[in-house]
Amino acid sequence: MSNNDKLLEIKNLHTGFDIGGKTYYAVKDVSFDVNKKEVVCIVGESGCGKSVMSLSIMDLLPKHNGKIDKGQILFQGKDIVPLTTNEMNNIRGKDISMIFQEPMTALNPVLTIGFQMDEVLLNHTRISKEEVRKKSISLLKQVGISRAEQIVHEFPHQLSGGMRQRVMIAMAIACQPQLLIADEPTTALDVTVQAQILELIKQIQEEVGMAVMLITHDLGVVAEMADRVVVMYAGQVVEQSDVDRIFYDPKHPYTKALLGSIPRLEEKIEVLNTIKGIVPSLKNMPETGCRFADRCPEAMPECRTITPELGETEKGHAVRCILYDTSRPAEKAEVQS
Amino acid sequence: MNQAKTKQSDILLEVKELKKYYPVRGGFFRKKIGDVKAVDNISLELKKGETFGLVGESGCGKSTAGRTITRLFKPTGGKIIFDGQDITNLGGSQLRSIRQDIQMVFQDPYASLNPKMMVGSIVSEPLVNYGKGSERKLKAEVMDLLQKVGLPEDAYYKYPHEFSGGQRQRIGIARALALKPKLIVADEPVSALDVSVQSQVLNLLKSLQEEFDLTLLFIAHDLSVVKHMSDRIGVMYLGNLVEIAEADEMYLNPKHPYTKALISAIPQPDPRNKSERIILTGDVPSPQNPPTGCPFHPRCPEAMPECSAKKPQLEEVNEEHRVSCLLYQ
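These numbers were taken from a predicted model, which means no experiment stands behind them.

### Brief notes about the sheet that holds strand β1 (residues 11-26) of chain B
Sheet strands line up and pair through hydrogen bonds in the backbone, either parallel or antiparallel. Here four strands make up an open sheet; going across it, the order is β2-β1-β4-β5 (chain B) and the pairing antiparallel. The strands lining the two open edges of the sheet, one partner per strand, are β2 (31-47) and β5 (85-86) of chain B.

Listed below in structure tokens is the structure:
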């Protein structure tokens, strides 16, 4: 894959929060790429840093204590971390747009759907108000809202959850972005509506030719949507690969455990696999060693002393676990010296 | 449990044509102007020791059904027979004594535990309430319960906020178990939890069910979870039970178009198996103003003209498999 295919490159991203004079890292040393026209799924439990990572890309971290400490976010080859708010405003909504989990809170309840739709286009394009309204209506039709002419005069509370998410998607694709970040877009929706929305995202992705970064905890959604998968645990990438290898040849014990803990429709098993314990909170993150060691069924004594690094086991498949030689930092150092 | 004919004595709970309507008020004197038919004519029975799963999308009335069965709500019509006794219209002390045998586990482990009470008091409260002794006397018993649901002993002296979501759900389960009930109604007990924690709680519920010989009414929106847990499943849509079948049969051989769509809509965790989906159009209609005829007909891919006129009844297609659809009548 040539470098030109890379749309977004995240390099050694560290995002931290200042709490009581100390910085706690919700995202620690995350690196991965999103290629053009690709669907990358970010998967992990709550508290794994998935959302903080996406907010870092959009520069939407809470201003008072959240900050990107280290690392680069290259969008089309250009680092967007040092950009000013004004410069970011030109990118947000135009080149990179985002849809959120809860479509009720992401839309302004006191403004009409039409007003909120128009706003995006008025900010980023130079077309007249009448043209903008026409464009808004056609966008709403594109996302499968048949009563678009009426909907533009309605308020968010008059729409159902699935319709609101459609409006969010219409707003997100208004300027034909290169990258759509979707943070748990279907978690708040029912399965039959979720199926509609996923289908819509996929269809638009193909039509518009954009890349999608889909953040989810639902492995079913991952299997359905992803080209590539990034598994996160406790602020780090623990495994990344194409979707087939994640499901059929998972390497990291966390990925394996996640896959084992979901009840499957086609199987009849008495006891589900579990992962003991819970994700450590930011303040209790182990300093050295593997962050998953306490919950890992395959943990060895050295897991608590050696901090594993993300290393490729084969082309396009990277794992952060000392079970796989490539991720032992000590050995790497030896080779280098 | 797999006996061909169930004896009457094997049935713990029988629900007959249960209705629960909520009045809609409006106008000058807040007159009643309509009904939300949250539960409209559902009939089911739970055999002793089985898990019955109730599944459906939000707003289909599954939670209302669960709460009406536990008599937290007064039914608008129909009958609830628990352990041979009609509890539909019980009140006061009779209802109170029946409630020892029916306990509930709630969805939100953050909202269903009193933040000002120690875990020990929370779990012993039902026992104290029913005069099984003072909190101090019951301490050993409560400790034992906490240990059975997988909580550390020192949990007794802690407060709910000190626990994670999964652990709080364990506290809720311990509280429900305290009185050794015959029936537990679990209303979305795992939907607020992460997958890894969800599987812990599901395993716990299953093992406790065997240990305490419980009958479980398991209410959830996630069909894979319901199928994993249940012996039999009932699918609800807009206040109606549209299909009841044994769990495997429901998955392998669904009859009702809604059940088919529901099963096909679940994203399968297998990238090599992307089956064709039945994508339903539109949203669930409002239960205040349900469609005429079959409640599913406006979204049904197999709808026929007569579906909007005639309301189908739940009828047997074969033993242990009942469906409410004109295609099978």
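### Observations regarding unusual backbone geometry
All names here are of chain A. Its identity is not glycine, yet Asp 29 carries a phi of approximately 60°, on the positive side. Looking at where Asp 29 falls in the secondary structure, it is placed in strand β2 (residues 22-35). We note that Asp 59 has phi near 55°; this positive angle belongs to a residue other than glycine. Checked against the element boundaries, Asp 59 lands in the loop between α1 (50-58) and β4 (66-75). Owing to 20 C-beta atoms within 10 Å, Asp 59 belongs among the buried residues under this scheme.

### Remarks on the environment of Gln 288 of chain B
Residue and element names in this part refer to chain B. Within the secondary structure layout, Gln 288 lies in the loop between α9 (257-265) and β11 (315-318). Each C-alpha atom of the pair Gln 288 and Lys 37 lies 6.1 Å from the other, and the pair is 251 residues apart in sequence. For Gln 288, the residues in contact, after removing those within four places along its chain, are Val 24, Gly 34 and Val 36.

### As for the sheet that holds strand β5 (residues 78-79) of chain A
Residues and elements named next belong to chain A. The antiparallel open sheet is built from four strands, whose spatial order is β2-β1-β4-β5. Looking along the sheet, the strands with just one partner apiece sit at the ends: β2 and β5. Sheet topology note: the strand β1 (residues 6-19)/β2 ladder contains 10 bridges and is antiparallel. Bridging across to β2, Asp 18 finds its partner in Thr 23.

### Digging into the UniProt feature "domain: ABC transporter" (unreviewed entry) in chain B
Mapped onto this structure's residue numbering, the UniProt feature "domain: ABC transporter" (unreviewed entry) falls at residues 13-263 of chain B. The straight-line gap between the two end C-alpha atoms of residues 13-263 of chain B is 27 Å; of that span, 35% is helix and 29% is strand.

### Side note on the pairing of strand β10 (residues 240-246) of chain B
Residue and element names in this part refer to chain B. Burial analysis of β10 places six of its seven residues in the buried class, which makes it a mostly covered element. As paired strands, strand β9 (residues 232-237) and β10 are joined by six bridges and run antiparallel to one another. By the bridge assignment for β10, Tyr 237 is matched with Asn 240. Here β9 folds back onto β10 in antiparallel fashion, the turn holding two residues, of which Leu 238 has a positive phi close to 50°. Where β10 lies against strand β12 (residues 321-323), three bridges are found, and the strand directions are antiparallel. Directly across from Ala 245, in β12, lies its bridge partner His 321.

### Topic: the UniProt feature "domain: ABC transporter" (unreviewed entry) in chain A
What UniProt calls "domain: ABC transporter" (unreviewed entry) maps, in this numbering, to residues 8-259 of chain A. Each end of residues 8-259 of chain A is marked by a C-alpha atom, and these two atoms are 28 Å apart; helix forms 40% of the span and strand 28%.

### Section: the interface of chain A and chain B
Listed by partner, the interface residues are 37 residues for chain A and 35 residues for chain B. Among the elements of the structure, α8 (191-208), α9 (219-225), α10 (243-248) and α11 (253-260) of chain A are those that each provide at least two residues to the side of chain A that touches chain B. A total of seven residues in the side of chain A that touches chain B trace back to one element, the largest contributor, which is α8 of chain A.

### Concerning the domain arrangement of chain A
All names here are of chain A. Per the domain assignment, the segments of chain A are domain 1 (3-95 + 175-336) and domain 2 (113-171). Put simply, the middle of domain 1 and the middle of domain 2, counted by C-alpha atoms, are 31 Å apart. Listed as interface residues are 11 residues of domain 1 and, on the opposing side, 11 residues of domain 2. Taken together, the residues of the side of domain 1 that touches domain 2 break down into eight nonpolar, two polar and one charged.

### Points about the domain arrangement of chain B
Residues and elements named next belong to chain B. Assigned domains of chain B: these are domain 1 (9-101 + 181-328) and domain 2 (109-180). Once you take the C-alpha centre of each, domain 1 and domain 2 turn out to be 29 Å apart. Of the residues lining the interface, 13 residues belong to domain 1; the matching set on domain 2 comes to 13 residues. Of the residues contributing to the side of domain 1 that touches domain 2, the split by class is 11 nonpolar, two polar and no charged.

Reading the values: the criteria
Residues numbered from 1 in each chain as written. Chains lettered and ligands numbered in written order. Predicted model: local features only at pLDDT ≥ 70, side-chain atom pairs only at ≥ 80, totals over all residues. Pairing = 2+ DSSP bridges. Helix = DSSP H or I, 4+ residues; strand = E, 2+ residues; numbered from the N terminus. Buried ≥ 20, exposed ≤ 12 C-beta atoms within 10 Å, placed from the backbone. Contact = placed C-beta atoms within 7 Å. UniProt positions renumbered as here; feature names shortened; annotations may be inferred. Domains from an automatic or database assignment. Nonpolar A, V, L, I, M, F, W, Y, C, P; charged D, E, K, R; others polar.

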